[in-house]
Amino acid sequence: MVCQIIVKMAKAKCHKCAEKCGKGKVPHDVLLKLDRAFKDFQKTDSKSLLKKYLTQEIFDKIKTKKTSFGSTLLDCVQSGFENPDSGIGIYAADPETYTIFEDIFNPIIEDYHVGFKKFSKHPTTDWGSIKDVGNVDPKGEFVVSTRVRCCRSLEGFPFNPCLTQNQYTEIESKMTNALSSLKGNLKGNYYPLTGMTKDIQQKLIDDHFLFKEGDRFLQSANACRFWPTGRGIFHNEDKTFLVWINEEDHVRIISLQKGGDLGQVYQRFVSAVTEIENKVTFMKNDRLGYLTFCPTNLGTTIRASVHIKVPKLAKDMAKLNELAEKYHLQVRGTRGEHSEAEDGIYDISNKRRLGLTEYEVIKEMYDGIVEIIKLEKGKT
Ligand code: ADP
Ligand code: CIR
């Protein structure tokens, strides 16, 4: 229930109480901070999508808006303001921000997901003909490993910046409860971060199974509060099926194995997601598909990647990036986003996840990687 006295007070002049019911004005100190930070941000040479689209006109139009969770524009853009080297620079502080601040989210979404417009609608889930997905590198010459992941948010909970400590543990127990009934090759155990030794945690990170700690983009977005409460990883014995709990998103479901057999990885992925979705309800939006904390992860939320060695193409990184863009792919370093390549291993994945079906995402990645390998082979 929204407190009407507080609403009236907020409409008059008191902003403090209004924060609680979410219907009032943006507090004066937040507005001042926003104005100041925006001015500083304008002076940077940031290449982020936030810089590209947050014009003075849009900023002035939306800076006084607030969601019913109490999230302001500052909650969404402070990561991008504090980290001008961001690629995107904006997070959805809560699910409502996608509509309340649509004037900034929409152009960023359209740019990142290539042509997904204000009136576009994400298609319904279609896993496609799973058995037709093949191996991107049957001879095992280039691909070290293959991974497919998706993100999910539990219905009824906001995103990181608005979660209470209790909600973190509630999400954790809802998920571990659901995961504990998985059978066959999905059967596994949950390992909470709380109580995990630093050695084990680091080994899991180094082996590419676990999320890293201390990501400055997430920290500035207020996404690491109460760390490590509620955070952890579930995996099967072979570590080919993994679930991250309460890192950037409430849930990340991952299928991973050595080599280039995308078909096998995808098959395991689809069966895991289907099983989990039979047990828990995830947040879905008519227009944007599955809702996530970062606008890059909307829609199918799928990132299908290979760890690949393409030494000839990688001699000219500008060219490799250009090539990747042509096939709607994205090149990352060995340890993921914002990392460098180690031992010549690159992470190449589909870039867009919204506006196309799950199968189309996988097919886009498959076709692109096969092309990249063909070009690497043909290069002298
Ligand atoms: P996400 O994919 O979940 O958005 P990151 O880019 O940070 O996040 O990657 C998370 C982890 O997954 C990193 O350790 C990264 O090295 C690992 N990873 C990504 N793709 C592969 C792959 N094909 N094989 C092995 N590890 C991978
Ligand atoms: C950036 O803008 O570069 C970071 N906030 C990361 C954006 C996309 N990556 C992600 O969500 N993992």
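Residues numbered from 1 in each chain as written. Chains lettered and ligands numbered in written order. Predicted model: local features only at pLDDT ≥ 70, side-chain atom pairs only at ≥ 80, totals over all residues. Heavy atoms only, no water.

> What am I meant to see in the overall build of the protein here?
A count of helices and strands for the protein gives 14 helices and ten strands. Taking 380 residues into account, the globule formula puts the C-alpha radius of gyration at 21 Å, and the protein, at 21 Å, falls close to it. By its C-alpha atoms, the protein is 70 × 45 × 40 Å across when sized along the principal axes. Expressed as a percentage of its 380 residues, the buried residues of the protein come to 53%. Looking at the protein alone, contacts between residues at least 24 apart form 72% of all its contacts between residues at least 6 apart. (Helix = DSSP H or I, 4+ residues; strand = E, 2+ residues; numbered from the N terminus. Rg over C-alpha atoms; globule rule 2.2 N^0.38 Å. Buried < 20%, exposed > 50% of the residue type's maximum accessible area, 1.4 Å probe, protein only. Contact = heavy atoms within 4.5 Å.)

> Even after reading the chapter, I still don't get the site of ligand 2, so can you show me in this structure?
Neighbouring ligand 2 are Ser86, Gly87, Ile88, Gly89, Tyr91, Phe217, Glu248, Cys294, Thr296, Asn297, Glu337 and His338. A distance of 2.6 Å separates a nitrogen atom of ligand 2 from a polar side-chain atom of Tyr91. Between ligand 2 and Glu337 there is a distance of 2.4 Å, counted from a nitrogen atom to a side-chain nitrogen or oxygen. Residues belonging to the shell around ligand 2 are distributed by class as follows: four nonpolar, six polar and two charged. Each of domain 1 (18-112) and domain 2 (130-378) contributes no fewer than three residues to the shell around ligand 2. (Near = heavy atom within 4 Å. Polar contact = N/O pair within 3.5 Å; in protein donor to acceptor, adjacent residues only side chain to side chain. Nonpolar A, V, L, I, M, F, W, Y, C, P; charged D, E, K, R; others polar. Domains from an automatic or database assignment.)

> Help me understand the side chain of Ser71, please; the structure alone is not making it clear to me.
As for its placement among the helices and strands, Ser71 is situated in the loop between α5 (56-62) and α6 (73-82). Residue class for Ser71 comes out buried when judged on its relative accessible area of 2%. At 2.6 Å, the side chain of Ser71 and the side chain of Asp94 are in polar contact. What Ser71 contacts, discounting residues up to four positions off in sequence, is Lys65, Lys66, Ala93, Asp94, Thr97, Phe101 and Cys162.

> In this structure, what is going on with the nonpolar core? I would like to understand it.
The nonpolar side chains of a soluble globular protein tend to be buried, and buried together. Residues Met175, Phe241, Phe269, Ile276, Ile302, Ile308 and Ile369 are the most contacted members of the largest nonpolar core, which totals 56 residues. The element contributing the most residues to this core is helix α12 (residues 262-277), with eight residues. Non-local contacts of Ile308, meaning those with residues more than four positions away in its chain, are made with Phe142, Val143, Gly344, Ile345, Tyr346, Ile348, Ile369 and Ile373. (Core = buried A, V, L, I, M, F, W, Y, C linked by side-chain atoms within 4.5 Å.)

> How should I be thinking about a positive patch on the surface in this particular structure?
Residues Lys312, Lys315, Lys319 and Lys379 make up a contiguous surface patch of positive charge. Counting through the fold element by element, Lys319 comes out in helix α13 (residues 317-326). (Patch = residues over 30% accessible without salt bridge, like charges linked within 9 Å, V, L, I, M, F, W, Y side chains within 5 Å. Areas by Shrake-Rupley, 256 points an atom, 1.4 Å probe, with all protein chains shown as cover. Salt bridge = Lys/Arg side-chain N within 4 Å of Asp/Glu carboxyl O. Lys, Arg positive; Asp, Glu negative; His and termini not counted. Charge placed at Lys NZ, Arg CZ, Asp CG, Glu CD.)

> Whenever I open this one, the site of ligand 1 confuses me. Can you help?
Among the 18 residues in the neighbourhood of ligand 1, the closest are listed as Ser145, Arg147, Ser305, Arg332 and Thr334. Within the side chain of Arg252, a nitrogen or oxygen atom sits 2.9 Å from an oxygen atom of ligand 1. Between ligand 1 and Thr334 there is a distance of 2.6 Å, counted from an oxygen atom to a backbone nitrogen or oxygen. Counting only elements with at least two residues in the shell around ligand 1, the list comes to β1 (143-152), β5 (251-258) and β8 (303-309). In terms of residue class, the shell around ligand 1 is built from three nonpolar, seven polar and eight charged.

> Sorry if this is basic, but what is going on with the environment of Lys312 here?
Relative to the elements of secondary structure, Lys312 occurs in the loop between β8 and α13. Given the relative accessible area of 34%, Lys312 is considered partly exposed. Aside from chain neighbours lying at most four places away, what touches Lys312 is Glu376, Lys379 and Thr380.

> What is the right way to look at the sheet that holds β5 in this model?
Note: strands within a sheet are paired through backbone hydrogen bonds, in either parallel or antiparallel orientation. Strand order in this open sheet of eight strands is β2-β3-β4-β5-β1-β8-β10-β9, and the pairing throughout is antiparallel. Unpaired on one side and paired on the other, β2 (188-192) and β9 (329-332) mark the two borders of the sheet. Pairwise comparison of adjacent strand axes, ignoring direction, gives a mean angle of 20 degrees for this sheet. Sheet topology places β2 next to strand β3 (residues 232-236); five bridges connect them, and they run antiparallel. The residue of β3 that forms the bridge with Pro192 is Gly232. (Pairing = 2+ DSSP bridges. Axes fitted to C-alpha atoms, helices over the stretch in contact; angles between N-to-C directions.)

Geometric values such as these leave the question of function open.
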